Amino acid sequence: MQNILVSLNEATRTVNSGSNKVTLLDNINFNVEEGEFISLMGPSGSGKSTLLNCIGMLDNFTGGGYTFLGEPVHSMKEKNRSKLYKEYIGFVFQAYHLIDELTVYENIETPLLYKNVKSSERKAMVADMLDRFNIVGKKDLFPIQLSGGQQQLVGIARALIGQPKLILADEPTGNLNSKQSEEIMELFAQLNKEGVTIIQATHSESNAAYGSRIINLLDGKIV
Amino acid sequence: MFKNYIKIALRNLWKNRTFTVLNVVGLTAAFGVAILLAMYAVFQLSFDRFHEHGDALYMVYSEDSTPNGVEANISKSEPFAAALKDEVAGVEKITRYVSTGVLLSQEDKQFGMSTAYVDPDFFNMFSFPIIKGDKTNPIASESSVVMTELATKRIFGDEEPIGQTVSILRDEQQVPFTVTAIVKDSPNTSSMGFDIVLNFKSQNEHAYARTIGRWDMENHEVYMQLAESVQPKQFEKSTTDFTQLHYKNEIDNAKRDGFQPNTDGLYRQLKLLPLADVRFANFNQGPVTVSRTMPYLVLGISTLILFIACVNFINMSIAKSAQRLREIGMRKTLGANKKQLFFQFWGESILVFLISIGLGILLAVFLLPYFQTLFKTQASLATLLNPSLLLVLILSVLLITLIAGGYPALLMSRLGTLQSLKGKLDVNGKNHLRNSLMVLQFGIAILLISGTLVLWDQVEFMRTKDLGFNKDQVIAFPLNGQLNDQQAIELLRNTLQDKPNIVSVTASNNILGLGKDGSRSTSVLGFEHQGRGVETHMVVVDADYIETLDLNIIEGRSFRKNLASDSLSVIINEAMAKQLNEDDILASQIDLDDAVYSVVGVIKDFNFQELDQNIAPMTLFALPNWNLRNAYVKVSSQNLEQAYTDVKAAWNTIEPNAEFQGSFLNENIDRTLRHERTMITMIGSGSILAIILSCIGLFAMSLLIVAQRKKEIGVRKIVGASVSAITILLTKDFLKLVVIAFLIASPIAWWAMHNWLQNYAYRIELNIWMFLGAGGIAVVIAMLTIAVKTIKAATSNPVESLRTE
């Protein structure tokens, strides 16, 4: 029996735009089990990114229930919520969002700093990660000196360094060419095999195919 | 973690070099100048605070009812001090005090010494520690002299001074004195400055022997130490009987003449002025007012300058945070909490502040010598090195860093994760803050500029005002040699009479303006006239006084050449004539105790005192063998420099050992404006710095705004906006702020300057142009500052600015 990682029950998000109430996510119901690799698909504006952000606790559902590892996120305080996602969730972005002023090494190290990991441990973990992604030679470069694919590699390394249970990837290959895309998707498949749960949002059928399950969204609803 | 912060802070500062440099330059200048100004203010405020018993030391003065209302009188009579101690409870110790200059000789050398004549209690009251010799009562004897270390060094070099004999010129005789003790040089925050201290009774006959037992001759100050258990107010009350007893005549006369009593209903009341207040007290205009406005004004200016620099920092930090939104968002996603972000950004600010403070201190050290010369002050950075003061300084620096660095950091750490990741920033609220801060900055700058303009106008007015005497052609100098005054003047006349460029020579016992030697005296005479009390300034003059100074005689005649025949004649000024209120003024006489004097002439009023006072009644006497003190030489208007050299040479042949301290009267007048000039320089340099700093801020803001609106500018150009339209668009927002600042600051400046001008009996009228001028200066400078950037942005190719999207 697999553990249920994420459970959404009638999860809804509405925002006010002027005097109109706009529903971004409409009664979403689904569970994510540990070890799954889910692809969220849908056209622009269908709510993929909003759903990812809400699952990643960067944003909140305005209605319904959200349970993460059995804990009710919807009724949690901000502080506990941030503790939860710091511990279990890693993010990968379309635009990489590396910190320009930090080197590859330091970018990967940053999450550990915020988790107060000891210096010696940090060194070992970052070194491992650099090895694993074959970017040891680039550790002292700044993001601007890397290609897009390499930057995303660093982004993934940074997401993984905290040993999260869940990786949320928002159009991770959106800014990459097809060859780089393929490499990144291979990497995700590999990570998934090693036990990391992944939810990705994507436009691309071929990328979606890497997942174990596809969820289609349209106008904030699962179709 | 910490290393990480430092690293990213340094990289960020480097990446935004322009702004870092603008910030550091602004803050360095502000801190440097603020340190100097604070040092100056603290130095001024710490005057006379070093005395161990300082809290119990007071100057005794009285509030006297006079025809001009209640006036403060700090001069006391010979029996006063002793009587007060005997008759009124609460006087712990008391001393009389006279500060003057004497000529001291040792072997064949002569020294001009500034001298304090005091009673023996002096050394027990004031903290001028004796380091050598008789430590208990060094001036018990009338032939003892106490010297400072510095004076000892000047006179004796390395010889042992104790027990040595020196002679001091007194009543034209060399009188021997024995050195009994050496005191430490007084701190430079002491108002009492002296080279030697003598017993009060060692004064010349005129100042002491003649006054013994006389309550009506007041010629020295009195300081007392109040008993611990007594409150000053209580003491003042308890002196009523004493005053009634010893000043019965004066009080009765004041009542008879209908003078106004003081606020307590008394016609003469003794008052105590705390020692630390003496330096800040004004005794010239009615009851004593103590005002520390000047040092606090200086402190205020330094605070304003720091404020302006901090506003720049806050504005730039907030505006720049737009460029760091992604970093903030990312850090939050990676698990940073608000506190961690706050400390990161605050840390960066602290770094900038630490660098600036360090450089500011260096700047202050570098500028110190110039500052000391410019403001003629001995204040040094050591003034600030007092533990409690240092604590205050450190705390205020921390507070500044906390606010200036902390506020932007707080704003940044509070941003929502998603918004910042998307690079969206809600800017409306912050623009209000930015705009109000900039209005404040420019308001302060305009305030200071208009203050400078008004001050400068007033000083120019006072400097160039027709004072009623010839100040351009007359050289005055103190008769500071060994000869008696009459002999000296006689010799001077003889030496100079053949010189074609010398017009006339005279002397008088007062000085117009402030001479090079810095000493001044006034004699005020009170007597009865037609059954009323009358007061007049008394000036004793030599022949040709009226002619030398080009005073205008409006009635009667001048003194005769043969002065001796006029020894019972007086010449009065208009104010005095008005006071005497006679139908035929030339037939009137004034009756002093010793003789009756006839009024032989009336001269037009001239400003013999400073311009903060109205012209007081004055009487010129031609008394023989009187102490004359100052010589006046009128020279022809061609080649004034040569004339000065001639007079100097003449004096040097007459008194080879005395220093020639002559200066033209207009320089003397200038010297009396020193206080105002210091204020102009302070406020003026403050205003220059304020406008520069404000413009640094404005420049930085224009850089950022232009960068932020690059796309908008591009779009506007594509749809057809002209270069000038875009320049106006970008400039007008800023100009609006300067105009608002002007509207707010001008009334405040008007009010402040109006109040300040009330201190002067002769003053300029404020006019709107001074304030418009200040506003205009601010607007022009602000426009020039932003012009460069905005015109460049307006002329740039729109394709370039749009391509970045």
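Let me sum up the structure you'll find in this document.

## Here's the deal with the overall build of chain B
Now for step 1: Summing up its helical and strand segments, chain B has 25 helices and 25 strands in all.
Now for step 2: Seen along its three principal axes, the alpha-carbon backbone of chain B occupies a region of about 100 × 60 × 55 Å.
Now for step 3: Taking all 805 residues of chain B together, the buried fraction comes to 54%.
Now for step 4: Relative to all contacts within chain B whose residues are 6 or more apart in sequence, the contacts with residues 24 or more apart total 79%.
Now for step 5: Only carbon and sulfur atoms are counted for the fraction: they give 56% of the accessible area of chain B, which is about 36500 Å².
Now for step 6: Distance from the positive charge centre (72 side chains) to the negative charge centre (77 side chains) of chain B: 21 Å.

## Details of the packing of aromatic side chains
All names here are of chain B.
Now for step 1: By the definition in use, this model includes 41 aromatic pairs over all chains.
Now for step 2: Between phenylalanine 371 and phenylalanine 375, the ring centres sit 4.8 Å apart and the planes meet at 55°, which makes this aromatic pair tilted.
Now for step 3: Since its relative accessible area comes to 7%, phenylalanine 371 is described here as buried.
Now for step 4: Pairing tyrosine 545 with tyrosine 632 gives two aromatic rings, centres 6.0 Å apart and planes at 90°, and the pair type is edge-to-face. Highlighted residues: tyrosine 545 in helix H17 (residues 545–548) and tyrosine 632 in strand S24 (residues 630–635), separated in sequence by 87 residues.
Now for step 5: Accessibility expressed as a relative area gives 2% for tyrosine 545, which makes it buried.
Now for step 6: For tyrosine 632, a relative accessible area of 0% translates into the label buried.
Now for step 7: Three or more aromatic residues joined by ring pairs make a cluster, and in this case those are Phe50, Tyr97, Phe122, Phe123, Phe126, Phe128, Phe194 and Tyr223.

## What to know about the interface of chain B and chain A
Now for step 1: Contacts between chain B and chain A engage 22 residues on the former and 22 residues on the latter.
Now for step 2: Per-residue buried area on chain B facing chain A is highest for Arg11(B), Leu334(B) and Leu418(B); these three make up 27% of the total on that side.
Now for step 3: In this structure, the connection of chain B to chain A is made through four salt bridges.
Now for step 4: Glu101(A) is paired through a salt bridge with Lys15(B); the nearest N and O atoms lie 2.7 Å apart.
Now for step 5: Where chain B packs against chain A, one counts seven residue pairs in polar contact (both at pLDDT 80 or more).

## Things to note about the pattern of salt bridges
All names here are of chain B.
Now for step 1: Following the criterion strictly, the structure yields 36 salt bridges over all chains and no others.
Now for step 2: A salt bridge links aspartate 566 to arginine 557; the nearest nitrogen and oxygen atoms lie 3.0 Å apart.
Now for step 3: When its relative accessible area of 0% is taken as the criterion, aspartate 566 is described as buried.
Now for step 4: Aspartate 733 is the partner of arginine 709 in a salt bridge, and the nearest nitrogen-oxygen pair spans 3.7 Å.

## Things to note about helix H5 (residues 148–161) of chain A
Since there are 3.6 residues in each turn of an α-helix, residues three or four apart along the chain are aligned in direction.
Now for step 1: Look at H5(A): 20 Å from first C-alpha to last across 14 residues, which is about the 20 Å you get at 1.5 Å a residue.
Now for step 2: With twelve of 14 residues buried, H5(A) is to be regarded as a mostly interior element.
Now for step 3: Where H5(A) is buried, its residues meet strand S6 (89–92), helix H3 (104–114), helix H4 (119–132), strand S7 (166–170) and helix H6 (178–193) of chain A together with helix H11 (325–333) of chain B.
Now for step 4: Of the residues flanking the end of H5(A), it is Gln163(A), one or two places downstream, whose phi is positive at about 50°.

## So, the pairing of strand S7 (residues 144–148) of chain B
Residue and element names in this part refer to chain B.
Now for step 1: Of all five residues in S7, five are buried; the element is thus mostly enclosed.
Now for step 2: What you see with S7 is no split at all: Ser144, Val146 and Thr148 on one side and Val145 and Met147 on the other are buried throughout.
Now for step 3: Judged from the five bridges that link them, S7 and strand S9 (residues 173–183) form a sheet pairing that is parallel. By the bridge assignment, serine 144 is partnered in S9 with threonine 178.
Now for step 4: As defined by bridge partners, S7 adjoins strand S10 (residues 196–199) across three bridges and the pair is classed as antiparallel. Bridge assignment links methionine 147 to a residue of S10, and that residue is isoleucine 196.

## A short note on the nonpolar core
Residues and elements named next belong to chain B.
Now for step 1: If you look at the biggest cluster of nonpolar residues, it comprises 124 residues, and the most contacted ones within it are Phe469, Leu549, Leu620 and Tyr632.
Now for step 2: Shared between two domains, this core holds at least three residues of each, these being domain 1 (1–47 + 292–426) and domain 3 (474–671).
Now for step 3: In this structure phenylalanine 469 touches Leu512, Leu549, Leu551, Phe606, Asn607, Leu665 and Ile669, once residues within four positions along its chain are discounted.
Now for step 4: Residues Ala488, Val570, Ala631 and Ala658 belong to the second largest nonpolar core, which totals 42 residues.

Conventions adopted
Residues numbered from 1 in each chain as written. Chains lettered and ligands numbered in written order. Predicted model: local features only at pLDDT ≥ 70, side-chain atom pairs only at ≥ 80, totals over all residues. Heavy atoms only, no water. Helix = DSSP H or I, 4+ residues; strand = E, 2+ residues; numbered from the N terminus. Buried < 20%, exposed > 50% of the residue type's maximum accessible area, 1.4 Å probe, protein only. Contact = heavy atoms within 4.5 Å. Areas by Shrake-Rupley, 256 points an atom, 1.4 Å probe, with all protein chains shown as cover. Lys, Arg positive; Asp, Glu negative; His and termini not counted. Charge placed at Lys NZ, Arg CZ, Asp CG, Glu CD. Phe/Tyr/Trp six-rings, centres within 6.5 Å; stacked < 30°, edge-to-face > 60°. Buried area = accessible area lost by both parts, 1.4 Å probe. Salt bridge = Lys/Arg side-chain N within 4 Å of Asp/Glu carboxyl O. Polar contact = N/O pair within 3.5 Å; in protein donor to acceptor, adjacent residues only side chain to side chain. Expected span 1.5 Å × (residues − 1). Pairing = 2+ DSSP bridges. Core = buried A, V, L, I, M, F, W, Y, C linked by side-chain atoms within 4.5 Å. Domains from an automatic or database assignment.

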